[in-house]
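Spelled out from the first residue to the last, the chains are:
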Amino acid sequence: MTDKLIRLSKSCIGEAEKQAVSGVLAREYLGMGSEVEQFENALSKFFGRPTVCVVNGTAALHLSLQACDVGAGDEVLVQSLTYIASFQAITATGATPIACEVDDRTLTIDLIDAQNKLSPRTKAIMPMHYAGNPGPLSKTYKFANKNKLRVIEDAAHSFGTIYHDRLVGSFGDIACFSFDGIKNITSGEGGVVVTDDPHITQAVSDARLLGVERDTENRYAGDRSWDFDVVQQGWRYHMSNIMASIGSVQLKKFEHFKKSRQELAQYYDSLLSGYVNVSESDYAQVVPHIYVIRIAPGQRDRIRTELLKNGIQTGIHYKPNHLLSKYSSNQDCSTLIRTENIYDSIITLPLHPDLTLQQVDFICTKLKELL
Ligand SMILES: *Cc1c(COP(=O)(O)O)cnc(C)c1O
């Protein structure tokens, strides 16, 4: 065992973030105020669309679904191979997640399976841009438009990705991003809803502050709402100034993070293609959040154990949600065989901007010895 662990993922924080946080602490206004407004303004400029910051990516998904009137009795199409956050955000509204297969190449939602699982209760589809790649997103939108579904993109993996010459989040219905500690940029914890729909922007903006109408506008003016109305279920999902101050610095560093993630993934591809099944992502467009390879079934656990003995941490993204007790009961598991086979063969290798090309060399050498 080498003494220094190569981490699967990590936050990349410098002096500028520390100073920004110190500034907020010194001003003693920690809640939601001018730093959040500034971060939102910077994000709106980045995406070319209104943005609403919230406490995490899960909250962004939950509030977006709620703003689309998704609730009890409704169904939402979602790939089973996603983070548990996608499923929990759906059930938080009272709606039912309908677990779908993924496309074997891109690991994004399989639209043929989604088509088969449409019902009169289907209200929305939640495509997840696996490892940063949105898959055939324009087909997803065609499918949604034809069937009158809202699209809530779980874009947590794809901050900065370009799809057909446009930034993910800058077009389409609603896109939700996460700024948790290991995402393409972080605000400690955090998330954002990006949409052109003014009804959604207002509904999410109010719902993040317990449903208090227009409280955001008052807080940004340095005030609070003391006499107000509430018309919808709200939550304590707002972002704090501490978080936003980190996020603003990270957004300025994004070009650097993007370049290093893309370079590392390209380097992995160059060393591994021909040995293992690598993603077909074009890293001139995709900004990868994770780097996932596929190996022969049944080998995953042995290889992960051996890599860890060499100080290489790996992951599995993800255990399919239809295999979890909470979600297994309303599914016909036999229809998700492809997802289960993929689950057996995926390993996530280390990827973060502080990883070096030499470390990638080392990881790939060790991995090839184990195949
Ligand atoms: C990180 C992530 C989320 C949720 O974001 P949090 O900020 O952790 O709540 C949702 N979906 C996917 C696919 C994610 O990776």
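Up top you'll find the structure we're talking about.
Calculation notes
Residues numbered from 1 in each chain as written. Predicted model: local features only at pLDDT ≥ 70, side-chain atom pairs only at ≥ 80, totals over all residues. Heavy atoms only, no water. Near = heavy atom within 4 Å. Polar contact = N/O pair within 3.5 Å; in protein donor to acceptor, adjacent residues only side chain to side chain. Areas by Shrake-Rupley, 256 points an atom, 1.4 Å probe, with all protein chains shown as cover. Nonpolar A, V, L, I, M, F, W, Y, C, P; charged D, E, K, R; others polar. Helix = DSSP H or I, 4+ residues; strand = E, 2+ residues; numbered from the N terminus. Buried < 20%, exposed > 50% of the residue type's maximum accessible area, 1.4 Å probe, protein only. Phe/Tyr/Trp six-rings, centres within 6.5 Å; stacked < 30°, edge-to-face > 60°. Lys NZ or Arg CZ within 6 Å of the ring centre and 35° of its normal.

### Quick look at the site of the ligand
With respect to spatial proximity, 15 residues lie near the ligand, and among them Gly57, Thr58, Asp154, Ser178 and Lys183 are the closest. In the environment of the ligand, a nitrogen atom lies 2.7 Å from a nitrogen or oxygen atom belonging to the side chain of aspartate 154. Aspartate 180 has a polar side-chain atom sitting 3.3 Å from an oxygen atom of the ligand. Protein burial of the ligand: of its 380 Å² of free accessible surface, 94% is covered by the chains. Taken together, the residues of the shell around the ligand sort by class into 5 nonpolar, 7 polar and 3 charged.

### Quick word on unusual backbone geometry
Looking along the chain, the bond that leaves histidine 317 and enters tyrosine 318 is cis, with omega of 10°. As for its placement among the helices and strands, tyrosine 318 is situated in the loop between helix 11 (300–309) and helix 12 (325–328). For alanine 131, which is not glycine, the phi dihedral falls at a positive 60°. Mapped onto the elements, alanine 131 comes out in the loop between strand 4 (122–126) and helix 6 (137–146). When its relative accessible area of 12% is taken as the criterion, alanine 131 is described as buried. The phi torsion at aspartate 165 lies on the positive side, around 70°, for a residue other than glycine. Among the structural elements, aspartate 165 can be located in the loop between strand 6 (162–163) and strand 7 (166–167). On the accessibility criterion, aspartate 165 (73% relative accessible area) is exposed.

### Some remarks on the packing of aromatic side chains
Overall, the coordinates contain 14 aromatic pairs when judged by the stated rule. Aromatic side chains phenylalanine 46 and phenylalanine 254 sit 5.9 Å apart centroid to centroid with 90° between the ring planes, which places their arrangement in the edge-to-face category. One end of the pair, phenylalanine 46, is in helix 2 (residues 34–47); the other, phenylalanine 254, is in helix 10 (residues 254–272), and 208 residues separate them in sequence. According to the relative accessible area criterion, phenylalanine 46 is partly exposed, its value standing at 25%. Judged by its relative accessible area of 2%, phenylalanine 254 is buried. A network of ring pairs unites the aromatic residues Phe39, Phe46, Phe47, Phe159, Phe177, Phe179 and Phe254 as a single cluster. Here the guanidinium or amino end of arginine 224 rests over the ring plane of tryptophan 226, the centre of that ring lying 5.4 Å away.

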